[in-house]
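Notes for the structure review
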Amino acid sequence: MKTIITSFSIFLFLFSHNLMGNTNISHAIAMHGEPKYNEDFLSVEYISKSALKGGNIVRSAIGSFDTFNPFTLKGTSVAGIGGMYESLTTSSSDEAFTEYGLLAETIEWPNDRSWVSFTLRDNAYWNDGKKITADDVVWTFNILMEKGHPFYGYYYGDVKEAIKENNLKIRFNFKTNTNRELPLIIGQMPVLPKHYWENKNFEETSLDIPVGSGPYKIKSFDTGRSITYELDKNYWGFKNNDVPIKVGKDNFGQIRYDYYKDRGIEREAFKSGEIDIFSENSSKEWATAYDINSVKNGLINKELIKHENPQGMQAFAFNTRKELFKDKRVRKALSYAFDFEWTNKNLFYGAYKRTDSFFENSELASSGLPSEEELKYLTPFIDVLPKEIFSSEFKNPYTDSSGFIRSQLQEATKLLKESGWILNDGKLQNNSSKKLFEFEILLVSPAFERIVFPFKDNLEKLGIVATVRTIDSSQYQERLENFDFDMIVYTFSQSLSPGNEQRNFWGSDAADTNGSRNVIGIKNYAIDSLIEKLINAKNREELIIITKALDRVLLWNHYVIPQWHISSYRTLYWDIFNQPSIKPKYSLGFDTWWVNQKKYDVIQSQRTTN
């Protein structure tokens, strides 16, 4: 990184230095501290210089698709479409949060991060041969903010404007100089071709093959059933290895995604050799479904690959827009009906740990009582926050795994009674409205039914009638976007550097915006305030403190019933791949694997149905 200053005069230098501070120009920008790789780096360290490009692989997806436009709320976008578009910058998988130039050759910003400029690479082209320019970037920002998915509005809400400085340079001015991650996340914005989209209806679903800038382009597709991407031999990023963040990546010559109705069918397709790599999300299947010859003989590799990614929160999520779940005591009461210890022992083969934080498996997770530093952010809201935050360590209900949870149900009954619910002829009834306690648990995966039904049975012991309903993916997506549910199973994924996306998860504005990730419907000004402080954190230490404080507020409001996590990728793959010897900390690193054609030919001749 180097610093530049104007040279009109010493006076002008001192004047601008005092007002604005230095301006930085670099190949990369880190959220806190310095990038791991300097401006002379040739590649990241978790790739192999021996990687070869070529070979065909088959991956999989669930459900269906009806659009090649993943940037709007409408429709179900196709798997793998992200590989067609490059962004201004991209992150490495062995740093908490650093962005390296991709379409952008250099990044420029002042010390106060009140704006950022990107200078595009002169050799970056769309796959139809047209040059990528600043006009494309400015048009992309404006169309995403105006007609794109609501996510963009929250993520880039603090961007005031995008300005073309010249044909290759774009400047983003910010509304504030306190949102320190904004220069990084605006670089993550996918850049779209203005000449392709400007005369089309951006908001409509479309299966017209789009123009992209990435290493892959669409070769063929069967609507709703499969799509095949091929490596673009003319991809600008491969030429002369002058884009170091891309060196050693995107090695497969062809990638086909086949769609399946459900995970069970998808799993059997993998085992029979129709899919090359499979991520197993069921502990039961991981433990029992792969006692087959292909695994025993080494044709299929079965690996638990550890990682250091935050696990976020997978949970039963309440829709607090519903009158039934507005009372925090009711939400807490229902948590006593979920017997994790029994579930883990009898259904999961002891594979999981209980999730105790919205930022699980990271230094961001809260534990014990709040520190003095955290209290500085929590105490101003002491009158509206749950009092337990200041006096007790958050703990999920715990059982002995026997399945007998009488004491837990007694505690739940006490809380329900305090909140106005009484047992009447075996049914829980509201003392004021006389309505029965009835709600629906909405699922998209049949595999979750075996987990939910024991929970349902325990709820019935409380006098609660819970209906379990499983629907197809398109219906589920529509109901999710419109918040048309009582309770769902939902995962709030987190990064090592939480920021603007927290508005979309928990912000009051997002609660009323269809398609946002505030599925819970949280409207809490203390949370809104903590989110803004988090976004404006001055350094890594402050970010961690505020995140822990936010975590406590979310936990003690009992917005969810936490489920479980595992800190490894359950990965199965046919033995056709080679991998780098160094693994990245924060991803599987599949984009650095490559096909070993000799192994592929051997495996292809031996794949059999087991």
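My aim in this report is to walk through the structure given alongside it, one point at a time. (Residues numbered from 1 in each chain as written. Predicted model: local features only at pLDDT ≥ 70, side-chain atom pairs only at ≥ 80, totals over all residues. Heavy atoms only, no water.)

A separate point is the overall build of the protein. When helices and strands are tallied, the protein shows 20 helices and 27 strands. A compact globule built from 610 residues would reach a C-alpha radius of gyration of about 25 Å, and the protein, at 26 Å, matches this within 12%. When its C-alpha atoms are laid out on the principal axes, the protein stretches across 80 × 70 × 45 Å. Residue pairs at least 24 apart in sequence account for 72% of intrachain contacts in the protein once pairs closer than 6 positions are excluded. In the form shown here, the protein has an accessible surface area of approximately 26,800 Å², with 47% of it arising from carbon and sulfur atoms. (Helix = DSSP H or I, 4+ residues; strand = E, 2+ residues; numbered from the N terminus. Rg over C-alpha atoms; globule rule 2.2 N^0.38 Å. Contact = heavy atoms within 4.5 Å. Areas by Shrake-Rupley, 256 points an atom, 1.4 Å probe, with all protein chains shown as cover.)

Below, the discussion takes up the packing of helix α9 (residues 328-335) against helix α13 (residues 406-418). One can describe the packing of α9 onto α13 by two numbers: an axis separation of 8 Å at closest approach and a directional angle of 165°. Comparing the axis directions of α9 and α13 gives the class roughly antiparallel. Crossing geometry of α9 relative to α13 is assigned as left-handed. Each of Arg329, Val330, Lys332, Ala333 and Leu334 in α9 lies in contact with α13, whose residues at this interface are Ala412, Leu415, Leu416 and Glu418. Residues of the contact of α9 with α13, tallied by class, amount to six nonpolar, no polar and three charged. (Axes fitted to C-alpha atoms, helices over the stretch in contact; angles between N-to-C directions. Parallel < 35°, antiparallel > 145°, perpendicular 65-115°, else oblique. Left-handed = near helix turned anticlockwise from the far one by under 90°. Nonpolar A, V, L, I, M, F, W, Y, C, P; charged D, E, K, R; others polar.)

Another point: the sheet that holds strand β16 (residues 313-318). Within the open sheet, the five strands sit side by side as β21-β20-β22-β16-β23. Their pairing is mixed. Across the chains shown, the open sheet's two edge strands, defined by having one partner strand only, are β21 (465-470) and β23 (560-562). Mean inter-strand twist for the sheet, computed between neighbouring axes without regard to direction, equals 35°. Pairing of β16 with strand β22 (residues 487-492) involves six bridges; the strand directions are antiparallel. Paired with Gln314 across the bridge in β22 is Thr491. (Pairing = 2+ DSSP bridges.)

Once that is clear, we can look at the environment of Arg267. Within the secondary structure, Arg267 is located in helix α6 (residues 263-271). Arg267 gets classed as buried once you look at its relative accessible area, which sits at 6%. C-alpha of Arg267 to C-alpha of Ile405: the two residues are 138 residues apart in sequence and 35 Å apart in space. (Buried < 20%, exposed > 50% of the residue type's maximum accessible area, 1.4 Å probe, protein only.)

Regular strands place side chains that alternate from one sheet face to the opposite one. As paired strands, strand β20 (residues 438-443) and β21 are joined by six bridges and run parallel to one another. Paired with Glu438 across the two strands is Val465, which belongs to β21. Once you follow β20 into helix α14 (residues 449-461) and on to β21, the crossover reads as right-handed. (Right-handed = clockwise from strand over helix to strand, strands pointing away.)

Within the largest apolar cluster, 95 residues are counted, with the highest numbers of intra-cluster contacts made by Leu88, Tyr156, Phe172, Tyr229 and Phe252. When residues of this core are assigned to their parent elements, the largest contribution, seven residues, is made by helix α2 (residues 134-147). When neighbours within four sequence positions are excluded, Phe252 is seen to be in contact with Gly54, Gly55, Ile57, Tyr216, Leu231, Phe577, Phe590, Trp593, Trp594 and Val595. If you look at the next biggest cluster of nonpolar residues, it comprises 44 residues, including Met313, Leu364, Phe483 and Ala549. (Core = buried A, V, L, I, M, F, W, Y, C linked by side-chain atoms within 4.5 Å.)

As a further point, take the side chain of Asn24. Considering the arrangement of structural elements, one finds Asn24 in strand β2 (residues 23-26). Judged by its relative accessible area of 6%, Asn24 falls in the buried class. Among the polar contacts listed, one links the side chain of Asn24 to the side chain of Asn111, at a separation of 2.8 Å. (Polar contact = N/O pair within 3.5 Å; in protein donor to acceptor, adjacent residues only side chain to side chain.)

Now for the environment of Ile218. Examined against the element boundaries, Ile218 turns out to sit in strand β11 (residues 216-222). Owing to a relative accessible area of 8%, Ile218 belongs among the buried residues under this scheme. Separated by 36 residues in the primary sequence, Ile218 and Gln254 have C-alpha atoms spaced 9.7 Å apart. Not counting chain neighbours up to four residues away, the residues in contact with Ile218 comprise Phe68, Ile81, Met84, Ile209, Pro210, Ile227, Thr228 and Tyr229.

A separate point is the packing of aromatic side chains. All chains considered together, the criterion is met by 49 aromatic pairs. When the centroid spacing of 4.8 Å and the interplanar angle of 65° are considered together, the rings of Tyr490 and Phe492 count as edge-to-face. Side by side, Tyr490 and Phe492 carry an identical accessibility label, which is buried. By way of ring pairs, the aromatic residues Phe316, Phe338, Phe348, Tyr352, Phe448, Phe455 and Trp564 are connected into one cluster. The ring of Tyr290 is capped by Lys271, whose NZ or CZ atom sits 5.8 Å from the centre of that ring. We note Lys302 situated over the ring of Trp286; from NZ or CZ to the ring centre the distance is 4.8 Å. (Phe/Tyr/Trp six-rings, centres within 6.5 Å; stacked < 30°, edge-to-face > 60°. Lys NZ or Arg CZ within 6 Å of the ring centre and 35° of its normal.)

Compared with an ideal rise of 1.5 Å per residue, which puts 14 residues at 20 Å, α2 spans 20 Å between its outermost C-alpha atoms and is within 8% of the ideal. Inspection of α2 places Ala134, Asp136, Val137, Val138, Trp139, Thr140, Phe141, Ile143 and Leu144 among the buried residues, and these make up the whole buried set. The elements touched by buried residues of α2 are β8 (115-120), α3 (150-155), β9 (159-166), β10 (169-174) and α5 (194-197). (Expected span 1.5 Å × (residues − 1).)

Here we come to the pattern of salt bridges. Tallied over the full model, the rule gives 26 salt bridges. Lys131 is paired through a salt bridge with Asp122; the nearest N and O atoms lie 2.9 Å apart. Taking relative accessible area as the criterion, Lys131 reaches 27% and is therefore assigned partly exposed. Linking Arg552 and Glu374 is a salt bridge whose minimum nitrogen-to-oxygen distance equals 2.5 Å. (Salt bridge = Lys/Arg side-chain N within 4 Å of Asp/Glu carboxyl O.)

Mapped onto the elements, Ala104 comes out in strand β7 (residues 104-110). Accessibility expressed as a relative area gives 0% for Ala104, which makes it buried. Measuring from C-alpha to C-alpha, the distance between Ala104 and Ser87 comes to 8.2 Å, with 17 residues separating the pair along the chain. Residues contacting Ala104, with those up to four places away along its chain left out, are Leu88, Phe118, Thr119, Leu120 and Arg121.

In this structure, Asp551 sits in helix α19 (residues 540-556). Although buried, Asp551 forms no salt bridge, and the nearest oppositely charged side chain, Arg552, lies 7.0 Å from it. Side-chain polar atoms of Asp551 contact the side chain of Ser366, separated by 2.8 Å. Asp551 has contacts with Ser357, Phe358, Phe359, Ala365 and Ser366, leaving out every residue within four places of it along the chain. (Lys, Arg positive; Asp, Glu negative; His and termini not counted.)

These figures come from the coordinates and say nothing about function on their own.
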